[in-house]
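The chain contents come next:
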Amino acid sequence: MIEVHNLDKVYQSEEGPVNALEGIDLEIDEGEIFGIIGPSGAGKSTLIRCLNLLERPTRGQVIIDDKDLTDLTISQLREARKEIGMIFQNFNLLNSRTVAENVAFCLEIAGEKKEDINPKVKRLLKLVGLADKADNYPSQLSGGQQQRVGIARALANDPKVLLCDEATSSLDPETTHSILELLQDINQELGITIVLITHEMEVIKEICTQVAVIEGGEIVEQGHVLDIFTTPQEPVTKKFLQRVINANVPEELLSRVTVNNPGQGRLIKLSFTGRSAGQPIVSKFVHTHQVEANILYGNIDKIQGTPFGTLIIELTGEREQVKTGIKDLNEQSGIRIEVIEGAESINLSN
Ligand SMILES: Nc1ncnc2c1ncn2[C@@H]1O[C@H](COP(=O)(O)OP(=O)(O)OP(=O)(O)O)[C@@H](O)[C@H]1O
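Residues numbered from 1 in each chain as written. Predicted model: local features only at pLDDT ≥ 70, side-chain atom pairs only at ≥ 80, totals over all residues.

Formally: UniProt positions are given in the numbering used here, feature names are shortened, and annotations may be inferred rather than shown by experiment.
Looking at an unreviewed UniProt entry, one finds the chain named ABC-type metal ion transport system, ATPase component, with Halobacteroides halobius as its source organism. Reading the Sequence similarities (unreviewed entry) entry of the UniProt record for the chain gives the comment "Belongs to the ABC transporter superfamily."

Have a look at this one:
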């Protein structure tokens, strides 16, 4: 549905060229909710704006629905953009127009027949839950309601793709949740492919199926959200995940373990998914190995409907027993083990 090949974007600034994006490759399937996450300055906004050529790439291709946008004439591009809706962090509504007029505006520009505009606006406002706000002005609406107008406007030309540029970043958590739910409904009911950029892993966790992590203008990691949550590879991904999984062992616990049991206690973090999330892993482990297990932290969450658990346990016992036990655990499918720093590390690969 969307393909990006070897895309670069260089801005010319007074201080010289800025390499905002380098060698970006992406493939986004039809019907996907694809998230792009990265820290400030990573290139997220530039990338999403390159997808509809609001920002022209310096090099590379953007292919949407088999059309290479970088090859189109201005009028062909205008036509192709009707298939790509976009919503923004600050909503970008026209304050002098009512809610209905904001939505009607795109239809007027697209040359839609006058008699078709009103019923379509009504339908769109109903879809986003604002049927009763048609005659209000944007200043009379909450942030969440304004974003709903933005969504109705973005859907006016029946797009196949919806681009969301930090669409929930200026909203409180509850409103964020309701907007994400609306986006998910739109994706499921209308089959629209959604690409969103965000700096919040919560947003990725809540609605995305695939995620790409961008840092310094490059995609450093991408894959299915569940895989990235359970086996993150890059430090930047791990940092984002810490904020949502919150499975860091407090310093004081760590020092207690190493002070009381020098060279003995080992802290391990288990991440488990799917069927293994419902298994009595720890009791089975203690039963089989002569090792004590003290649970310091535990949490079970759901990502894309799949249970996903995290456990942090302190293991004490004979060194060899502990080592064998950890290796056994590591061989079980669906379980990922990390020996946490501060405890004597064990090489899990041999
Ligand atoms: N018009 C511009 N001229 C020059 N440099 C720019 C321009 N727009 C962005 N940049 C630079 O390009 C890089 C990527 O910026 P971009 O806004 O895409 O990042 P971002 O990940 O969206 O950041 P944020 O989350 O803070 O919005 C940054 O170094 C930024 O300073």
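From this point, things continue past the structure.
1. Quick notes on the overall build of the chain
Put simply, the test is: Put simply, DSSP H or I for four residues or longer makes a helix, DSSP E for two residues or longer makes a strand, and each gets a number counted from the N terminus. Three exposure classes are used, based on other C-beta atoms lying within 10 Å of a residue's own C-beta, which is placed from the backbone: buried for 20 or more, exposed for 12 or fewer, and partly exposed in between. Think of it this way: build a C-beta for each residue from its backbone, and any pair within 7 Å is a contact.
When helices and strands are tallied, the chain shows twelve helices and 14 strands. The buried share among the 350 residues of the chain stands at 35%. Once local pairs closer than 6 in sequence are excluded, the contacts in the chain between residues at least 24 apart make up 66%.

2. Structural notes on unusual backbone geometry
We note that D65 has phi near 50°; this positive angle belongs to a residue other than glycine. Of note, D65 is situated in the loop between β4 (59-64) and β5 (67-68). What makes D65 partly exposed here is the crowd of 14 C-beta atoms within 10 Å. Backbone geometry at D66 places phi at a positive 70°, although glycine is not the residue there. Within the element layout of this structure, D66 appears in the loop between β4 and β5. For D66, a count of 7 C-beta atoms within 10 Å corresponds to the exposed category.

3. Remarks on the UniProt feature "domain: ABC transporter" (unreviewed entry) in the chain
The UniProt entry lists residues 2-241 under the feature "domain: ABC transporter" (unreviewed entry), expressed in the numbering used here. Counting secondary structure, residues 2-241 comes out at 38% helix and 28% strand; the distance between its end C-alpha atoms is 26 Å.

4. What to know about the pairing of strand β10 (residues 218-224)
Residues in a regular strand project their side chains so that they alternate between the two faces of the sheet. Basically, it comes down to this: What makes two strands pair is DSSP finding at least two bridges between them.
Two elements, strand β9 (residues 210-215) and β10, share six bridges in a ladder whose sense is antiparallel. Counted as the bridge partner of I214 is I219 from β10. Counting the residues that bridge the hairpin from β9 to β10 gives two residues, and of these G216 lies at a positive phi of roughly 55°.

5. Observations concerning the site of the ligand
For clarity, the cut-off: Residue proximity rests on one test: whether the C-beta atom, placed from the backbone, lies within 6 Å of the molecule or strand. Charged residues are taken to be Asp, Glu, Lys and Arg, nonpolar residues to be Ala, Val, Leu, Ile, Met, Phe, Trp, Tyr, Cys and Pro, and polar residues to be all remaining types, Gly included.
If you check the shell around the ligand, you find 13 residues, and the closest are Y11, A20, S40, S45 and T46. A per-element tally of the shell around the ligand places helix α1 (residues 44-51) first, with three residues. Looking at the shell around the ligand residue by residue, the class counts come to four nonpolar, eight polar and one charged.

6. Considering the nonpolar core
Counted only if it meets this: Nonpolar cores are built from buried Ala, Val, Leu, Ile, Met, Phe, Trp, Tyr and Cys residues. These are joined into a set through C-beta atoms within 7 Å.
In terms of nonpolar packing, the biggest core is built from 71 residues, with V103, L125, A152, L163, I194 and V195 touching the most fellow members. In terms of residue count, helix α3 (residues 99-109) provides more of this core than any other element does, six residues in total. Sequence-distant contacts of V103, defined by excluding residues within four places in its chain, comprise V121, L124, L125, V149, A152, R153 and A156. Of all hydrophobic cores here, the second largest spans 13 residues; its members include F272, A293, I312 and L315.

7. Description of the sheet that holds strand β8 (residues 193-198)
Pairing between sheet strands relies on hydrogen bonds along the backbone, with the strands arranged either parallel or antiparallel. Note the following rule: A fitted line through C-alpha atoms represents every axis, and for helices the fit uses only the stretch in contact; the resulting angles, taken between N-to-C directions, go from 0 to 180 degrees.
One open sheet holds the six strands; their spatial order is β6-β7-β8-β3-β9-β10, and the pairing between them is mixed. Only two strands of the sheet have a single neighbouring strand rather than two, namely β6 (84-88) and β10. On average, each strand axis in the sheet is inclined to that of its neighbour by 15°, with strand direction left out of account. Against the sheet, α1 makes contact with β3 (33-37), β7 (161-165), β8 and β9, and its axis sits at roughly 155° relative to β8, the strand it touches most.

8. Some words on α1
Here α1 lies mainly inside the structure; six of its eight residues are buried. Three or more residues of α1 are buried, namely K44, T46, L47, I48, C50 and L51. One or two steps after α1, the chain reaches L53, where phi turns positive at roughly 65°.

9. Things to note about the environment of I48
The residue I48 is located in helix α1 in this model. Here the alpha-carbon distance between I48 and D165, two residues 117 residues apart in the chain, equals 7.0 Å. Setting aside chain neighbours within four positions, we find I48 in contact with I36, L163, D165, V195 and I197.

10. Things to note about the pairing of β7
The element β7 is largely enclosed, with a buried count of five among its five residues. Where β7 lies against β8, five bridges are found, and the strand directions are parallel. Pairing of L162 across the sheet is with I194, part of β8.

11. A look at the domain arrangement of the chain
Put simply, an interface is often sized by how much accessible area is lost when its parts join up. Operational definition: For the domain bounds, the source is a domain assignment made automatically or taken from a database.
For the chain, the domain assignment lists domain 1 (2-225) and domain 2 (246-339). The C-alpha centroid of domain 2 is placed 41 Å from the C-alpha centroid of domain 1.

12. Some points on the packing of helix α5 (residues 143-155) against helix α6 (residues 173-190)
Operational definition: Geometric relationships in this document are graded by angle, where less than 35 degrees denotes roughly parallel, more than 145 denotes roughly antiparallel, 65 to 115 denotes roughly perpendicular, and other angles denote oblique. Crossing handedness follows the turn of the near helix against the far one: under a right angle anticlockwise gives a left-handed crossing, and clockwise gives a right-handed one.
In the contact formed by α5 and α6, the axes pass within 10 Å of each other and the chain directions differ by 20°. The angle between α5 and α6 falls in the class roughly parallel. Here α5 runs over α6; the crossing is right-handed. Counting all contacts with α5, which are made through G143, G144, Q147, R148 and I151, the residues of α6 involved are T175, S178, I179 and L182. Its residues assigned to classes, the contact of α5 with α6 comprises three nonpolar, five polar and one charged.

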